[in-house]
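Coordinate analysis (summary)
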Amino acid sequence: MRQLRPLALSLALLAPLLAHADVYKCVDAEGRTTYTNDRSLARNCKLLEQSQAVSSVPPPPARQSAPAQTTSPSSFPRVSADTQRARDNSRREVLEGELAAEEKSLAAARQELSEQEAIRTGDERNYQKVLDRLKPYQDRVELHQRNIEALRRELTNLR
C-alpha cells in the first residue's frame, strides 16, 4: 500500500502537463470572433500565446452615440389631440368592461371552489385526492386574479 502512494502522487503531479492544448482565435468574414482548440477548424486562425489569459465572456458591444431625433419626420402621420383622446377613452371603456367581466368570472370561480371544498366523496380518504380534485378550481381562481391585476396595471398606465 505504501508503494502505491508515491506512484499516485507522481501521476497527480504529471496530469496537468498532459492537459496542454493550443488555442486558436478565428475571425470570420462578418467580424465574429471564435476560439477553438481543434486544429482542423483553425484554418486561417491565429495561435494564441500560452501565457495569455483567455476569457469566455465577450465584451459588451460598443455603443454608438447617434444624435437623438426629437421630432417626427414630416411624412409621419399625425393624429389630432381630440382623436387621440377619443381613442384613449374607448380603450379605457374596453379595459373597464373586461375588468368587470373578469371580476364576475373570479367571483364565480371562487364560488365553485368553495362548493367543491365543501364536498367530500367517499373515495377520497387520502387527502392528496382531495387536493388533486380541487387543483383545477384553484388554478381558475388564480388565473382570474392574474388577469385582474394585469387589467388594473393597463388602466393605470393609460394617460
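No experiment lies behind these values; they were computed from the predicted model shown.

Here we come to the pattern of salt bridges. Evaluated as defined, the whole model comprises 7 salt bridges. In this structure, the salt-bridge partner of Arg85 is Asp82, at a minimum N-O distance of 2.9 Å. Pair noted here: Arg85 and Asp82 are both in helix 2 (residues 81-118), with a separation of 3 residues, about one helical turn. When the shortest N-O distance is used, the salt bridge between Glu103 and Arg152 registers 3.0 Å. One end of the pair, Glu103, is in helix 2; the other, Arg152, is in helix 3 (residues 127-157), with 49 residues separating them in the sequence. Residue Arg152 is classed as partly exposed on the basis of its relative accessible area of 45%. Put simply, Asp28, Glu30 and Arg32 are held in one network by salt bridges that share partners.

Before going further, it helps to examine helix 3. Spanning 31 residues, helix 3 covers 44 Å between terminal C-alpha atoms, matching the ideal 45 Å at 1.5 Å per step. The principal kink in helix 3, of about 40°, is found at Lys135, preceding the proline Pro136 by one to four residues. Among all positions in helix 3, only Val130, Arg133, Leu134, Val141, His144, Ile148, Leu151 and Leu155 are buried. Turning to helix 3, the residues buried within the fold contact helix 2. N-cap assignment for helix 3: the residue whose side-chain oxygen lies 3.1 Å from the backbone N of Gln128 is Asn126.

Here 3 strands make up an open sheet; going across it, the order is 2-1-3 and the pairing antiparallel. Sheet topology places strand 2 (33-36) and strand 3 (46-47) at the edges, where each strand pairs with a single neighbour.

Put plainly, two cysteines are in a disulfide when a covalent bond ties their sulfur atoms together. Across all of its chains, the model carries 1 disulfide by this definition. At a sulfur-sulfur separation of 2.0 Å, the disulfide partner of Cys26 is Cys45. Residues Cys26 and Cys45 share a disulfide whose torsion about the S-S bond is about 115°; that sign makes it right-handed. Of this pair, Cys26 sits in strand 1 (residues 24-27) while Cys45 sits in the loop between strand 2 and strand 3, placing them 19 residues apart in sequence. Overall, the relative accessible area of 10% leaves Cys26 in the buried class. For Cys45, a relative accessible area of 21% corresponds to the partly exposed category.

Rules and cut-offs
- Every chain begins its residue count from 1, and numbering advances along the sequence as written.
- Where totals are concerned, whole chains, interfaces and linings use all residues; where local detail is concerned, this predicted model gives features only for residues with pLDDT of at least 70, and gives and counts side-chain atom pairs only at 80 or more.
- Side-chain numbers here rest on the full set of heavy atoms in the structure, without hydrogens or water.
- When a carboxyl oxygen of Asp or Glu is within 4 Å of a side-chain nitrogen of Lys or Arg, the pair counts as a salt bridge.
- Runs of E in the DSSP output that reach at least two residues are strands. Runs of H or I that reach at least four are helices, and both are numbered from the N terminus.
- Buried residues are those whose accessible area, probed at 1.4 Å on protein chains only, stays under 20% of the maximum for their type, while exposed residues exceed 50% and partly exposed ones sit between those limits.
- Helix span, as expected, comes to 1.5 Å for every residue beyond the first.
- The term bend refers to the angle at a residue between two fitted axes, each drawn through seven residues, those ending there and those starting there.
- Any pair of residues with heavy atoms lying within 4.5 Å of one another is described as a contacting pair.
- We call two N or O atoms a polar contact when they sit within 3.5 Å, provided that within protein one can donate a hydrogen and the other can accept it, with sequence-adjacent residues counted only if both atoms are side-chain atoms.
- Strand pairing is defined by DSSP finding a minimum of two bridges between the two strands.
- The term disulfide is used for any two cysteine sulfur atoms that are within 2.5 Å.

These values are about where atoms sit, not about what they do.
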